[in-house]
Amino acid sequence: MGTEHVDVLVVGAGLSGIGAACHLEVDRPGTTYAVLESRAAVGGTWDLFRYPGVRSDSDMFTLGYSFRPWAESKAIADGPAIRRYIEETAREYGVTERIRFHHRVLSAEWSSDDARWTVTAERTDTGATVTLTCSWLSVCSGYYRYDEGYRPHFEGEERFRGTLVHPQHWPEELDVSGKRVVVIGSGATAVTLVPTLAQQAAHVTMLQRTPSYVLSLPGRDPLALALRSRLPARLAYPIVRWKNVLTSTALYQLSRRRPALVRALVRRLTAKQLPAGVDVDTHFNPPYDPWDQRLCLVPDGDLFRSLRAGTASIATDRIRTFTEDGIELASGEHLAADVVVTATGLNLLPVGGMSITVGGRPVDLSETVSYKGMMISGVPNFTMVIGYTNASWTLKADLVNRYVCRLLDHLDAHGYVSATPVAPPEGADAPFLDLSAGYVQRSLGGLPKQGARTPWRLHQNYLRDVALMRRGPLADEGMTFQRPAAVATASDAQPSVA
C-alpha cells in the first residue's frame with residue numbers, strides 16, 4: 001500500500017487551520033486535503049487555554065472569519081464561546097471529517113523531482129509514525145509552544161508553601177475562593193485574570209515589573225447591536241467588521257506617528273477610571289511608546305472596576321525573593337499570597353517545531369526571507385500563517401488562506417507544479433516582528449528576516465495587504481514558478497511574468 005497523497009496538507013486545527021480548510025472547500029471544490037492536529041480537539045489556542053476568564057484580546061468581528069458572521073452579542077468573547085465558534089464553523093463547512101487528531105508533525109521534506117512534500121507525523125496517542133505526501137504544505141500552527149509557557153525562575157521560589165501556577169497549564173481543581181492571590185505580569189493574560197479571580201479570591205494583586213497600556217472598550221459593540229435589529233447578519237457583519245478594522249488601523253497609525261498624543265489620550269482615559277490613591281504614572285504609564293507592545297483591552301473596564309471595588313490592587317516593583325508565604329519586593333514591601341500565578345508570557349515555536357528540508361538540505365528559518373509575510377525564500381509550495389501583531393490574527397490568516405487558493409489556481413492554469421519565493425537581490429536583515437515584547441525579542445533569532453520593500457516587507461497594515469494579496473499580481477520579482485520538466489532548485493528557477 002502506497003503513501004497517502006493529498007493536494008494540500010494543513011497543519012493545525014485552530015482558527016487559522018480551520019479557516020484554511022474552509023477556503024479550500026469554498027474556493028477550490030474538489031481539492032483533496034487533510035488537517036493534522038497534534039491535540040485531541042479543534043480550537044488550538046482556544047482549546048488549550050482554560051484559565052479563568054480567558055478571552056480574546058481582539059474584537060470578534062475581526063477575529064471571526066470573514067465568511068461566517070460572529071452571531072453572539074459580545075465583541076470581546078470568552079474562550080469557550082470562541083472554541084464553539086470554531087467547532088461550529090468546521091462542522092458547517094464539512095471540515096471536521098478531514099481532521100486527523102493526535103498527529104504532531106515532525107518533519108517535512110521537499111523533493112524537486114516529484115514536486116511534493118513528504119511529511120512525517122507522530123501519533124501523540126499511540127506513538128506510531130505516519131507518513132503522507134502533499135503538493136502544498138500550509139502550516140497553521142501559530143508561533144508559540146503549546147506544551148510550555150515562558151516561566152523564569154524566581155529567587156527563593158522553592159521556599160514558597162502556596163500554589164504556583166502558569167496560566168497556560170491551569171489546574172482544573174484549583175479553587176482560589178477566600179485566598180490571597182498574586183498575579184505576576186502586566187500583559188493581556190494578567191489583565192484578564194485579575195478581575196476574574198477577584199470575584200472569588202480574598203484579594204488579588206497584579207504585580208508588574210513594567211506597566212502596560214490598558215484601554216477599556218465596550219464588551220458589546222453598539223453599532224453591531226443597532227444594525228442587527230435592522231439588517232440581516234450577512235449585511236451587518238461586514239459593516240461592523242470594517243468599522244473596527246478602520247478604527248484599529250487609525251489608532252495604530254496615530255500611535256506610530258504621534259506617540260506622545262496617544263500616550264496622553266490613554267493616560268487621561270485611564271486616570272478617569274482609577275480609584276483615589278492609585279497613581280496612573282506609576283502603574284499605567286509605560287516607558288515605551290504605544291504599540292511598541294500590544295495594547296491590553298479590557299471589556300467594560302473590568303480591571304478598573306476591580307481596583308475601585310478594592311478586591312484587586314496593583315504593585316509595580318521588582319521581585320527580590322519569594323518567601324514561605326508570599327513575595328518580598330525590591331522596595332521591601334511584602335505581598336502575602338496563598339496562590340501565585342506566573343502570567344509571564346509565551347515561548348515561540350515557529351512552524352510547530354517541525355524540521356524542513358528542501359532538496360536534501362535542512363532549512364534554517366533565520367537564514368530565509370519572508371515573502372508577503374506568508375512564504376519563505378527558497379522553500380517551494382509552503383505557507384506559514386502568522387497573524388498581525390497590531391490587529392486581529394484572523395485578518396491576516398484569512399488573506400493568506402485566500403491567497404493560497406489563488407496561487408493554486410494560477411499553478412493549475414499555467415501548468416506549473418511549484419511556486420518558490422526568492423530573496424531580494426539587495427538582501428534583507430530586518431526582524432520578522434517589530435514588537436518589543438519579551439516573548440518576541442527572545443525568539444527573533446529563529447524567525448525569517450524581512451526586507452525593506454514589497455513583497456518582502458511586512459507592513460502590519462491590513463488595508464495595504466488587502467490590495468497586495470487579494471487583488472495584487474501573483475507573479476512579481478519575489479516569486480518564481482516551475483514546470484514539471486524544469487523543476488530543479490529555487491536557485492535555478494527564473495521569475496515568471498505569466
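Within any chain, residue numbers begin from 1 and follow the written order of that chain's sequence. This being a predicted model, a pLDDT of at least 70 is required before a residue's local features are given, and a value of 80 or more before pairs of side-chain atoms are given or counted; all residues contribute to the totals for chains, interfaces and linings. The basis for the side-chain values is all heavy atoms of the structure; hydrogens and waters are excluded.

Some details on the pattern of salt bridges
Opposite charge on two side chains permits them to pair, given that their charged atoms come into close proximity.
Then, number 1: By definition here, a salt bridge exists when the distance from a side-chain nitrogen of Lys or Arg to a carboxyl oxygen of Asp or Glu is within 4 Å. Applying the stated criterion to the full structure yields 28 salt bridges.
Then, number 2: Among the ionic pairs, Arg-151 bridges to Glu-157, the shortest N-O distance being 2.7 Å.
Then, number 3: Classification of residues uses two cut-offs on accessible area relative to the type maximum, computed with a 1.4 Å probe and protein chains only: under 20% is buried, over 50% is exposed, and between them is partly exposed. Exposure remark for Arg-151: the relative accessible area of 31% places this residue in the partly exposed category.
Then, number 4: The partner of Glu-324 in a salt bridge is Arg-161, with the nearest N and O atoms 3.7 Å apart.

Topic: the sheet that holds strand S13 (residues 312-316)
Then, number 1: Across the sheet, 5 strands lie side by side as S8-S17-S9-S10-S13; this open sheet has parallel pairing. Strands with a single pairing partner mark the edges of an open sheet, and in this sheet they are strand S8 (163-165) and S13. When the angles between neighbouring strand axes are averaged without regard to direction, this sheet yields 20°.
Then, number 2: One ladder, built from 4 bridges, connects strand S9 (residues 180-184) with strand S17 (residues 339-342); its direction is parallel. Residue pairing in the sheet places Ile-184 in a bridge with Thr-342 of S17. If DSSP finds at least two bridges between two strands, the strands pair. Runs of H or I in DSSP of at least four residues are treated as helices and runs of E of at least two as strands, each being numbered from the N terminus. A fitted line through C-alpha atoms represents every axis, and for helices the fit uses only the stretch in contact; the resulting angles, taken between N-to-C directions, go from 0 to 180 degrees.

Some points on the packing of helix H1 (residues 15-27) against helix H4 (residues 79-92)
Then, number 1: Where H1 meets H4, the closest approach of the two axes is 10 Å, and the angle between their N-to-C directions is 20°. Classified by the angle their axes make, H1 and H4 are roughly parallel. Pair H1 / H4 crosses with left-handed handedness. Side by side, H1 and H4 meet where Leu-15, Ile-18 and Cys-22 of the first sit next to Ile-86, Thr-89 and Ala-90 of the second.
Then, number 2: Residues belonging to the contact of H1 with H4 are distributed by class as follows: 5 nonpolar, 1 polar and no charged. An angle below 35 degrees is treated as roughly parallel, one above 145 as roughly antiparallel, one from 65 to 115 as roughly perpendicular, and anything else as oblique. The hand of a helix crossing depends on one turn: near helix anticlockwise from the far one by less than a right angle means left-handed, and clockwise means right-handed. Residue contacts are defined here by distance: any two heavy atoms, one from each residue, within 4.5 Å place the two residues in contact. For this scheme, ten residues count as nonpolar: Ala, Val, Leu, Ile, Met, Phe, Trp, Tyr, Cys and Pro. Four count as charged, namely Asp, Glu, Lys and Arg, and the remainder, Gly too, count as polar.

A word on the environment of Asn-381
Then, number 1: Tracing the chain through its elements places Asn-381 in the loop between strand S22 (375-376) and strand S23 (382-384).
Then, number 2: Along the chain, Asn-381 and Ser-135 lie 246 residues apart, while their C-alpha atoms are 7.0 Å from each other.
Then, number 3: Setting aside residues no more than four positions away along its own chain, Asn-381 makes contact with Trp-110, Trp-117, Ser-135, Trp-136, Leu-137, Met-375, Leu-411, Val-417, Ser-418 and Ala-419.
Then, number 4: At a separation of 2.8 Å, a polar atom in the side chain of Asn-381 contacts the main-chain amide nitrogen of Ala-419. Residues adjacent in sequence count toward polar contacts only when both atoms are side-chain atoms; beyond that, a polar contact is any pair of N or O atoms within 3.5 Å, and within protein one must be able to donate a hydrogen and the other to accept it.

Re the packing of H1 against helix H11 (residues 393-414)
Then, number 1: Direction vectors running N to C along H1 and H11 enclose 35°, while the axes themselves pass 9 Å from each other. The chirality of how H1 crosses H11 is right-handed. Contacts from Leu-15, Ser-16, Gly-19, Ala-20, His-23, Leu-24 and Asp-27 of H1 reach H11 at Trp-393, Thr-394, Ala-397, Asp-398, Asn-401, Arg-402, Cys-405 and Leu-408.
Then, number 2: Residue composition of the contact of H1 with H11, grouped by class: 7 nonpolar, 5 polar and 3 charged.

Overview of the layout of surface pockets
Then, number 1: In this analysis the probe radius is 1.4 Å and the grid spacing 1 Å, with only protein atoms considered; a cavity is a set of points the probe fits into but cannot get out of, a pocket is an open set with protein on both sides within 12 Å along at least five of seven lines, and lining residues have an atom within 4 Å of a point. Grid points are joined across faces, edges and corners, and a volume is the space filled by probe spheres set on the points. Empty space within the second largest pocket amounts to approximately 650 Å³.
Then, number 2: At the level of secondary structure, the elements contributing two or more residues to the lining of the second largest pocket comprise strand S11 (214-217), helix H7 (233-257) and helix H8 (259-273).
Then, number 3: Among the elements that line the lining of the second largest pocket, the one with the most residues is H7, at 6 residues.
Then, number 4: When grouped by side-chain class, the residues that make up the lining of the second largest pocket number 16 nonpolar, 8 polar and 5 charged.

Observations concerning the packing of aromatic side chains
The description of an aromatic ring pair uses the distance of the two centres, along with the angle that the planes make with each other.
Then, number 1: Under the pairing criterion, centres of Phe, Tyr and Trp rings, with the six-membered ring standing for Trp, must be within 6.5 Å; the plane angle then separates stacked pairs below 30 degrees from edge-to-face pairs above 60, leaving the rest tilted. All chains considered together, the criterion is met by 16 aromatic pairs.
Then, number 2: Ring geometry for Phe-67 versus Tyr-93: centroids 5.2 Å apart, planes at 70°, classification edge-to-face. Note that Phe-67 is positioned in the loop between helix H3 (60-63) and H4 and Tyr-93 in the loop between H4 and strand S3 (99-100), a separation of 26 residues in sequence.
Then, number 3: On the basis of an interplanar angle of 75° and a centroid distance of 5.7 Å, the ring pair of Phe-160 and Phe-322 is categorised as edge-to-face.

Quick word on the side chain of Thr-270
Then, number 1: Assignment of secondary structure puts Thr-270 in helix H8.
Then, number 2: Once residues within four sequence positions are removed from consideration, Thr-270 is found in contact with Val-214, Val-280, Phe-284 and Phe-304.

Describing the side chain of Asn-381
Then, number 1: According to the relative accessible area criterion, Asn-381 is buried, its value standing at 1%.
Then, number 2: In terms of polar contacts, Asn-381 uses its side chain to reach the backbone carbonyl oxygen of Ser-135, at 2.8 Å.

A few points about the confidence of the model for the chain
Then, number 1: pLDDT is a per-residue confidence score from the predictor, ranging from 0 to 100. Put simply, the chain has an average pLDDT of 91, and 95% of its residues get 70 or more.
Then, number 2: Residue range residues 486-498 is modelled with pLDDT below 50. Its contacts to residues more than four positions away, or to other chains, number 24 contacts.

A short note on the sheet that holds strand S16 (residues 334-336)
By definition, the strands of a sheet pair up through backbone hydrogen bonds, in either a parallel or an antiparallel sense.
Then, number 1: Here 3 strands make up an open sheet; going across it, the order is S14-S15-S16 and the pairing antiparallel. The sheet terminates laterally at strand S14 (319-323) and S16, the two strands that pair on one side only. If you compare each strand with its neighbour and ignore which way they point, the axes differ by 20° on average.
Then, number 2: With 3 bridges connecting them, strand S15 (residues 326-329) and S16 associate as antiparallel partners. Its bridge partner lying in S16, Glu-328 is registered against His-334.

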